[in-house]
Amino acid sequence: MALSHGPQKPIPVSNSYLGKVSSTCNMLSADALVLHVEACLLPTSTARYDSTRKHVETFLREFHPTVVLHTCIQPDELADVPFLKEHLESIKICEVRGSGNAVSDVQALSEAILSIHVFQLNAGEGVDHVGEEEDVVASNHWVLPARGLQGVWESLIYDDDIQLQLLDYVYTSMLFGDCEVDTNIISVNRVALLHGPPGMMTRYLLPVWDTTKSMNYRNWKDVTNVVVPIASRDWSDFALLFPKLALPSTGTDRYSFGKLVEINSHSLFSKFFSESGKLVMRMFQQIHQLLDDPDAFIVVLIDEVESLSAARKAALSGMEPSDAIRVVNALLTQLDQLRRRKNVLVMTTSNITEAIDIAFIDRADIKQYIGPPSQRARYAILSSCLAELVAKGLIIQPQSPMIDFREIQIWASGWRKTTFAASAMQESSEPAAPGTESPPPRTRQEESLALWKVAGDCEGFSGRLLRRLPFLAHAFYIDVSVTSLAAYIRALDCAVQGEVASRNKLLVRAEDESMSKKTVTVAQ
């Protein structure tokens, strides 16, 4: 295959204890708490990973004896330490693992072992690999961790810790591979299927996995080679999950480099009869060549997997071309061959599970449903959008941040008002003049609860639509470039009501057209 761009050199990744096991299957105490921390080096930094890890741990234990999970250390704090100022771009406090008990969002470092994952983002974009027929792009390769995929993992908000469940699945599959568990006795296919309604960010869930969350338990960014067949560019974010996969071995990195390979599923279909199955086999032969490198971890990602695994019954009944049977047979055969490899995972997604062949579903180790976000998740998505607009100067900086999504339900349960409080929401669109009286403390509560109400009205909205609402609100309901937070929340409410009305009109029109067709059929 020809490359449309030049090759990129993989970035070496760090080595850390993931709280699971090393390749020798040695384990920490079941009661040990492991706090995962991500340290991103500046592009110009040449600092050694082990030295950076020591400086970060010293800094945290000295200046942050207690930390809040899923938060970032402010850049101005890093400026007080010369080494960190010179070499680090950011420090993020991630999750705590290793204890069977519930863990608080506030964690004392004296009670935890720090697992610090050091990585350096690759600024390069994906490299297109062109197929042999008609110059169609067959796949896209990302060197991980990629800056273009940074932050996607954190933008995904689910109620059931789906991201961590997927990571646990990945680690366990690697553990069984490192311990050489016989897959003929314990069946491990290393295939996962994520399914749900359109717009639920399932494709983003995988990409995010790539660079910051895999090789180092919380940090795929440190390592991984990923091969991903996709029908949609959105899956490229899967690259964010793989750094977590960098399981440590005795004194060396579990894997030395990472790559995300997105494969265009539609490129595997040929206009020539019986050629499609051969194209699938050639693609997997390339994957096997990548797997021959023991220092690389390969993740095969197939978005809209129903395009390659359509139910063969449909072809037998004449509803699908007979060549589709060869494609499915080739895919199933190649999946059976991949299960013998321990440095590979196959991640797939679908919005039409009823169209997938039952033999493929049977090969999936996990079938994870990704449903519409709850009100709490919708509030978190909308509040993150507003925070981005504040950071970019489109919303006037409020005097205090909004209530965190993990606390909003507590506030909402004790708040009896269900409509906007006009007195609290009539905040001026201009910042208060120096010397004037500050707004009352309840303003922060009112704005957060107003957004909570808006989130409640978004029942059934997908994550994709929720992240589009702030744009629609500014486009149609705000007449100035910069406005207040209260005004933007009111505009969001209007945008939600407008979206609901538009959807209702579409449904009514669809029902009318359906009834019209039935009437014509009966008349005939």
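Since the model is a prediction, treat every value here as computed from it, not as a measurement.

**Student:** Is there a simple way to explain the overall build of the chain in this structure?
**Tutor:** Along the backbone of the chain there are 17 helices and 15 strands. The buried share among the 524 residues of the chain stands at 50%. Long-range contacts, defined here as pairs at least 24 residues apart, represent 81% of the contacts in the chain between residues at least 6 apart. A total accessible area of about 24,400 Å² is found for the chain, and carbon and sulfur atoms account for 54% of it.

**Student:** How should the nonpolar core be read in this particular structure?
**Tutor:** Where a protein is soluble and globular, its nonpolar side chains tend to be buried together. With 36 residues, the main nonpolar core has Tyr379, Leu386, Leu451, Leu469, Tyr488, Ile489 and Leu492 as its most contacted residues. Elements that contribute at least two residues to this core include exactly α11 (375-391), α12 (408-413), α14 (442-457), α15 (463-466), α16 (469-477) and α17 (485-523). Counting 31 residues, the second largest nonpolar core, distinct from the first, contains Val280, Met283, Ile287 and Val327.

**Student:** Help me out: how do you make sense of the packing of helix α7 (residues 275-291) against helix α9 (residues 323-338) in this one?
**Tutor:** For any two helices packed against each other, one specifies the inter-axial angle together with the distance between the axes. Viewed as axis vectors pointing N to C, α7 and α9 meet at an angle of 20°, and their least axial separation amounts to 7 Å. Put simply, α7 runs roughly parallel to α9. Crossing geometry of α7 relative to α9 is assigned as right-handed. Note on element contacts: α9 touches α7 through Asp323, Arg326, Val327, Ala330, Leu331, Gln334, Gln337 and Leu338, opposite Glu275, Ser276, Gly277, Val280, Met281, Phe284, Ile287, His288 and Leu291. Partitioning the contact of α7 with α9 into residue classes produces 9 nonpolar, 5 polar and 3 charged.

**Student:** Explanation requested: the packing of aromatic side chains in the structure shown.
**Tutor:** The geometry of two aromatic rings is summed up by the distance between their centres and the angle between their planes. Scanning all chains against the criterion turns up 2 aromatic pairs. Geometrically, the ring pair formed by Phe59 and Phe63 is tilted, given 5.4 Å between the ring centres and 40° between the ring planes. In this pair, Phe59 and Phe63 are both assigned in helix α1 (residues 49-63), 4 residues apart and thus about one turn of the helix distant. Of the residues examined, Phe59 reaches a relative accessible area of 5% and is grouped as buried. Between Tyr379 and Trp452, the ring centres sit 6.0 Å apart and the planes meet at 65°, which makes this aromatic pair edge-to-face. Of this pair, Tyr379 sits in helix α11 while Trp452 sits in helix α14; the two residues are 73 residues apart in sequence, bridging distant segments of the chain.

**Student:** Help me understand the confidence of the model for the chain in this model?
**Tutor:** When pLDDT is low, close inspection of the predicted coordinates is not appropriate. Taken as a whole, the chain shows an average pLDDT of 75; of its residues, 71% reach a score of 70 or greater. With pLDDT under 50 throughout, residues 1-30 is counted as low confidence; its partners more than four residues away or in other chains account for 107 contacts. Segment residues 416-442: pLDDT under 50, and 31 contacts once partners within four positions in sequence are set aside and those in other chains are kept.

**Student:** How should I be thinking about the sheet that holds strand β5 (residues 88-97) in this particular structure?
**Tutor:** Working definition: the strands of a sheet are paired by backbone hydrogen bonds and lie parallel or antiparallel to each other. Within the open sheet, the 4 strands sit side by side as β4-β5-β2-β7. Their pairing is mixed. Strands with a single pairing partner mark the edges of an open sheet, and in this sheet they are β4 (71-72) and β7 (113-120). Two strands pair when backbone bridges link them, and β4 and β5 are joined in this way by 2 bridges, in the antiparallel orientation. Counterpart to Thr71 in the pairing with β5 is Ile93. Here α1 sits on the sheet and contacts β2 (34-41), β5 and β7; the angle it forms with β7, its principal contact strand, is near 130°.

**Student:** Explain α11 here, please?
**Tutor:** The end-to-end C-alpha distance of α11, which contains 17 residues, comes to 24 Å, matching closely the 24 Å that a straight helix rising 1.5 Å per residue would cover. Inspection of α11 places Ala377, Arg378, Tyr379, Ala380, Ile381, Leu382, Ser383, Cys385, Leu386, Leu389 and Val390 among the buried residues, and these make up the whole buried set. Once α11 ends, the next one or two residues include Gly393, with phi positive near 85°.

**Student:** Is there a simple way to think about the environment of Ser274 in this case?
**Tutor:** Here Ser274 lies in the loop between β12 (258-264) and α7. Here Ser274 falls in the partly exposed class, since its relative accessible area comes to 23%. The sequence separation of Ser274 and Ala324 amounts to 50 residues, and the corresponding C-alpha distance is 8.9 Å.

**Student:** Hey, could you run me through α1 in this one?
**Tutor:** Residues lying three or four places apart along an α-helix face the same way, a consequence of the helix completing one turn every 3.6 residues. The first and last C-alpha atoms of α1 sit 21 Å apart over 15 residues, in line with the 21 Å expected at 1.5 Å per residue. Buried residues of α1: Tyr49, Thr52, Arg53, Val56, Phe59 and Leu60, and no others. Across the axial projection of α1, the buried residues extend over an arc of 135°, all falling on one side. Residues Lys54 and Glu62 are exposed on α1 and point more than 90 degrees away from its buried face.

**Student:** Honestly, the environment of Lys342 in this entry has me stumped. Any pointers?
**Tutor:** Assignment of secondary structure puts Lys342 in the loop between α9 and β14 (344-350). With 163 residues separating them along the chain, Lys342 and Cys179 place their C-alpha atoms 9.9 Å apart. If sequence neighbours within four positions are ignored, Lys342 has contacts with Gly177, Asp178, Arg190, Tyr255 and Phe297.

**Student:** Explanation requested: the pairing of β7 in the structure shown.
**Tutor:** The side chains of a regular strand alternate between the sheet's two faces. Burial runs high along β7: 7 of the 8 residues are buried. In this sheet, β7 lies alongside β2 in parallel orientation, the contact comprising 8 bridges. Each bridged residue has a counterpart across the sheet, and for Leu41 the counterpart in β7 is Gln120.

**Student:** What is the right way to read the pattern of salt bridges from this model?
**Tutor:** Pairs may arise between side chains of opposite charge once their charged atoms sit close together. Counted under the stated rule, the structure contains 9 salt bridges. Across the pair Arg341 and Asp292 runs a salt bridge, and its minimum N-O distance is 3.0 Å. In this pair, Arg341 is assigned in the loop between α9 and β14 and Asp292 in the loop between α7 and β13 (298-302), connecting sequence segments 49 residues apart. Among the ionic pairs, Lys453 bridges to Asp457, the shortest N-O distance being 3.3 Å. Of this pair, Lys453 and Asp457 both sit in helix α14, 4 residues apart, which is roughly one turn of that helix. Under the relative-accessibility criterion, Asp457 is labelled partly exposed at 29%.

Cut-offs used in this document
- Residues numbered from 1 in each chain as written.
- Predicted model: local features only at pLDDT ≥ 70, side-chain atom pairs only at ≥ 80, totals over all residues.
- Heavy atoms only, no water.
- Helix = DSSP H or I, 4+ residues; strand = E, 2+ residues; numbered from the N terminus.
- Buried < 20%, exposed > 50% of the residue type's maximum accessible area, 1.4 Å probe, protein only.
- Contact = heavy atoms within 4.5 Å.
- Areas by Shrake-Rupley, 256 points an atom, 1.4 Å probe, with all protein chains shown as cover.
- Core = buried A, V, L, I, M, F, W, Y, C linked by side-chain atoms within 4.5 Å.
- Axes fitted to C-alpha atoms, helices over the stretch in contact; angles between N-to-C directions.
- Parallel < 35°, antiparallel > 145°, perpendicular 65-115°, else oblique.
- Left-handed = near helix turned anticlockwise from the far one by under 90°.
- Nonpolar A, V, L, I, M, F, W, Y, C, P; charged D, E, K, R; others polar.
- Phe/Tyr/Trp six-rings, centres within 6.5 Å; stacked < 30°, edge-to-face > 60°.
- pLDDT = per-residue confidence, 0-100.
- Pairing = 2+ DSSP bridges.
- Expected span 1.5 Å × (residues − 1).
- Arc of directions from axis to C-beta.
- Salt bridge = Lys/Arg side-chain N within 4 Å of Asp/Glu carboxyl O.

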